[in-house]
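Per-entry structural report
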Amino acid sequence: MTFQDKGIGEGKSGIDAGTEPAVRVEDLTVAYGDKPVLWDVDMEVQAGVLMAVIGPNGAGKTTLIKAIMGLVQPVAGYVSIFGKPYLDQRRLVGYVPQRNSVDWDFPTSVLDVVMMGRYGVLGWLRRPGRAERKAAMEALTKVGMADLAGRQISQLSGGQQQRVFLARALVQDARVYLMDEPFQGVDATTERAIVTLLKEMRSEGKTVVVVHHDLQTVPEYFDWVTLLNVRCVASGPVEEAFVDRNLRLTYGGRVSYLTHHTPEETFGTPEE
Amino acid sequence: MDIVGFVDNLFADYTLRQVAIGAAMLGIVNGVLGSFAVLRKQSLLGDGISHAALPGIALAFLLTGSKSSLALLLGAAATGWIATLLIMSIVKHTRVKYDTALGLVLSVFFGFGLVLLTYIQKLPVAAQAGLDKFLFGQAATLLRKDVVTIGVLGGIVLVFLLVFWKEFKLLSFDPDFAFSLGFPVRILDVLLTTLLVIAIVIGLQTVGVVLMSAMVVAPAAAARQWTDRLGVMVTVSGIFGALAGVSGALISSQAARIPTGPTIVLCASAIVMFSLLLAPNRGMAWGFVREQINRRQLQTDAVLGDLYVLANQHQEPGHGHPIEVLRTMAHGHGGVDRSLKVLKERGLVQEPGSGEWALTPLGMEEAGRLSRQWRETS
Amino acid sequence: MTAPQIEIQLIASAVAVSCALPGCFLILRRMAMMSDAISHSILLGIAVGFFVIRDLTSPLLVLSAALTGVVTVSLVELLTRTKRVREDAAIGLIFPALFSIGVILISRYAGDVHLDVDAVLLGELAFAPFNRLSVLGVDIGPKGLYLMSGILLLNLFFILTFYKELKLSTFDAGLAGALGFSPVVIHYGLMTIVSITAVGAFDAVGSVLVVALMIAPPATAYLITDRLSYLLAASSLIGVICAISGYWVAHALDVSIAGSMATMAGVFFVATFLAAPDRGLVSIFVRRARQRIEFAQTMLLVHLYNHEGLPGVERENHMDHLHEHLKWKPGFAGRIVGAAERKGSISRDGALLLLTGKGRETARRAIVG
């Protein structure tokens, strides 16, 4: 799919079309053994948007995030952040992994975990000090967890754990955020708080890409959406991409994606 | 002879001093590194590395002809490392799971080590007598230069740990996030594993390959019960390790025919048990005690409530009710006699007739208050 | 071959098969390290049993030691259930403690008896032929052979009788419970079998080899098959091969028989690891290399398909720009193009690449999925 076709226009949500996209994915293909998990994915995330990545289970959503960051090696394809390879731009990208990716019984406190977000800036050997602590407390305040700063993380609820991860990402002061299912298993209050936070981040000019599992809330929470099922079915503003046809293609079992060839050319006549 | 004199005497013994110091250092280093191993779910990797060290020791001897600690330790570390790589490789490339790979590599390497040992046994230089001490450890053979080697290596390990503290903490908690921050996760992993290998290897002469895994796991498991902070846990773990090492050395020196290695392990195990039971917060003894207190409180309240019900039924507050009635009403929760005793001490019940019980006016008040409380919360 | 040699190999084979059978279930249930734990802690059982029975050759010793095995498993479970210690840490705590108690007891109170701790690890297969069993004054063979054969029959019996239950509880514990088989009972039954086998094999080959024989042959077989029946058969066969080859290597080099068998078990595993059809390392690498080329070809075709008929196609589908758009090194791009040409999927018009009908069909199929 060429980018001319996507009609990514100017003036949408105040984006300056002259700048590089925050994230550009080209021909990304990832396979585990024989099985393709991502196939020839083309995707572009304009700077300053709040995008959801949706698709059925096993569709490769987490793999997409990990492949963007180089945590999994693609068989083919290319990822760039603001025009440069991810490895050169790591400082600009904040990662919020799935909650169950760590052992919450680890002996550490809420504040400690959030301060870890500053380790990248500290670099090798330097210890976190007062400045880091202050930044961490500010982030915790933003997510409403400041009074739990000293709490052992095993004593947190699901929603609180998620907020800690978000605070840890906030202190990184990144420009692009990749989040893996941040709404999974959190209570309603936390969910509302997270949405507010994400929208605030967007208004600050940050780009946020969120792997999301709940179709109902996509139009309400996000302005852009990518539909993924091994291949990229569609990617664009919610009004355009989040439509019946795309949803059917994504969740309907048979995988396919739109090309400029007419559907009849690709799929044959409707009776087939 | 008083305690000071006793201890003085003990440490006047050169051999014992060496053993105690060597054991203490092995305890500290393994306690510290063991904390990370346990937190990273690598508890049994220590077992694997120590068993895999055996062929390394034998090979080092065969190749260099020397029985110097350093040469043997290097050999041990080499095969220990190879074993680790092999385990990871098996897990990565086949569907054999981690525990199977671990057990396989562990037993095969150890078996190969035994082959080498029996081979060395036949060599004209009756050398093997020195090497099989690594099976169960023979702390009594620790020489000063062995202790120095252990000390230097252990010190280097601890320094590295201190220097890269925050990197190792991050690596152990969330390696993916560490990668996203730009840290070379694989290199850090290799470094930390190397430190673990060295820690294990320096303890082999004292505790032996079979038992070494306990020294990696026990101090850390014990320390975890006492604190929720990583720094404290690691420190306490080191202290526990040293404690186990020294006490084990001391005890086994005092009694005849008790080998040092197993004694150290038992001291470490005792520390674990003590910690599991009695550590504040997590200690199971306290949980048990708390449970008992709660249960008794419930029983007392129930008896009070039963008396209240009876009093309301009879319209005669002072009327005594036989204890058998109370026992029948209490068959769901028991503890009637004890509860009555407590209630009497608190002035809430009285015994108008022998074996008959009633509420005092104070008791009526209290029971009324409780019953309102129950109604509100249910 | 002399009679003692034959006897040793028979005993070794009996040990191998006795170990391989429960071993298959251990590795499938991810309890491999439990065999390590049990084989160490039964030393304590042997020591305690000896102090009570005072007879090293009594079969009751087997019982007491087997009991210790079950106790070990229970203790590990108990410790894990307190939630304060993880399961792998629990194993690493319990068996060294029990083993240490055993070593201390033996060193202190049985130092003069032939209960050598070294033998615990090594076994004394070489001496097995000397320990004879006589019935009515007739020497009918080494005790070890009868002991191991008995255990082998016991294991076979257990597995054949409870085959369905074992299979179900291994692969789907929840379903097993729902159907009324108690997975817990099966679990403890299996652990008892493991303990008894470990004790019986102890005398012959020591604790090290027990672990090696319980894990390595099943693991090797697992590389080749995952059907339970094949797994059991294959691991038994492999176990016997390890035993016999191990014996002859030890014979040639005059080294520990047990250690040699363990080493051979490792050698066979590694050989299979590398060379197994489909799953061996060599096969995997070869297949991956082939896949990469096939993937790349399909990607090329899809890329060409997408740009066909569009403005700019001359640039996009140009040979030299392939490596730009698809991020392929020029050499690699050349190889892929060559392969696709040979396959008849594309044709070249100078430096411009065109899809043939066949190529277009392949691309469409790839898109539709």
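This text follows the structure it describes.
The structure presented is a predicted model; accordingly, all values stated were derived computationally and were not measured.

**Focus on the overall build of chain C**
Secondary structure assignment for chain C yields 16 helices and four strands. Counting across all 369 residues of chain C, residues that qualify as buried make up 54%. Sequence separation of 24 or more characterises 65% of the internal contacts of chain C that already satisfy a separation of 6 or more. Element-wise, carbon and sulfur atoms account for 65% of the exposed surface of chain C, whose accessible area totals about 15,600 Å².

**Details of the pairing of strand β1 (residues 23–32) of chain A**
All names here are of chain A. Most of β1 is tucked away: eight of the ten residues are buried. Note that β1 and strand β4 (residues 76–81) share five bridges and pair antiparallel. Paired with Val 25 across the bridge in β4 is Val 79. In this sheet, strand β2 (residues 35–45) lies alongside β1 in antiparallel orientation, the contact comprising seven bridges. The residue bridging Arg 24 from the neighbouring strand is Glu 44, located in β2.

**Re the environment of Ser 149 of chain C**
Looking at where Ser 149 of chain C falls in the secondary structure, it is placed in helix α6 (residues 143–161). Separated by 50 residues in the primary sequence, Ser 149 of chain C and Phe 99 of chain C place their C-alpha atoms 27 Å from one another.

**Description of the packing of aromatic side chains**
Applying the stated criterion to the full structure yields 16 aromatic pairs over all chains. Taken together, Trp 124 of chain A together with Phe 36, Phe 160, Phe 164, Trp 165, Phe 168 and Phe 183 of chain B form an aromatic cluster joined through their ring pairs. Positioned above the aromatic ring of Tyr 119 of chain A, the side-chain terminus of Lys 166 of chain B is 5.6 Å from the ring centre.

**Some words on the side chain of Thr 260 of chain B**
Residues and elements named next belong to chain B. Among the secondary structure elements, Thr 260 is positioned in helix α14 (residues 260–278). A residue is classified by how much of its surface remains accessible, and Thr 260, at 13% relative accessible area, is buried. Setting aside its immediate chain neighbours within four residues, Thr 260 contacts Val 19, Ala 139, Gly 248, Ala 249 and Ser 252.

**As for the interface of chain B and chain C**
Between chain B and chain C, the contact holds 55 residues from the first and 59 residues from the second. Connecting chain B to chain C are one salt bridge. Residue assignment for the side of chain B that touches chain C shows that the elements contributing at least two residues are α3 (45–64), α4 (69–93), α5 (98–121), α7 (133–136), α12 (212–224) and α14 of chain B.

**Brief notes about the sheet that holds β2 of chain A**
The four strands lie next to each other as β2-β1-β4-β5 (chain A), forming an open sheet whose pairing is antiparallel. In this open sheet, the two strands that pair with only one neighbour each are β2 and β5 (84–85) of chain A. Lying over the sheet, helix α2 (residues 61–69) of chain A contacts β1, β2 and β4 of chain A, oriented at roughly 115° with respect to β1 of chain A. Against the sheet, helix α12 (residues 281–307) of chain C makes contact with β1, β2 and β4 of chain A, and its axis sits at roughly 40° relative to β2 of chain A, the strand it touches most.

**Things to note about the side chain of Arg 168 of chain A**
Tracing the backbone through its elements, the reader meets Arg 168 of chain A in helix α6 (residues 158–170). Under the relative-accessibility criterion, Arg 168 of chain A is labelled buried at 0%. Filtering out sequence-adjacent residues up to four positions away, Arg 168 of chain A remains in contact with Pro 97, Val 113, Val 114, Met 116 and Gly 117 of chain A together with Phe 173, Asp 174 and Phe 177 of chain B.

The rules we used
Residues numbered from 1 in each chain as written. Chains lettered and ligands numbered in written order. Predicted model: local features only at pLDDT ≥ 70, side-chain atom pairs only at ≥ 80, totals over all residues. Heavy atoms only, no water. Helix = DSSP H or I, 4+ residues; strand = E, 2+ residues; numbered from the N terminus. Buried < 20%, exposed > 50% of the residue type's maximum accessible area, 1.4 Å probe, protein only. Contact = heavy atoms within 4.5 Å. Areas by Shrake-Rupley, 256 points an atom, 1.4 Å probe, with all protein chains shown as cover. Pairing = 2+ DSSP bridges. Phe/Tyr/Trp six-rings, centres within 6.5 Å; stacked < 30°, edge-to-face > 60°. Lys NZ or Arg CZ within 6 Å of the ring centre and 35° of its normal. Salt bridge = Lys/Arg side-chain N within 4 Å of Asp/Glu carboxyl O. Axes fitted to C-alpha atoms, helices over the stretch in contact; angles between N-to-C directions.

By themselves these figures say nothing about function.
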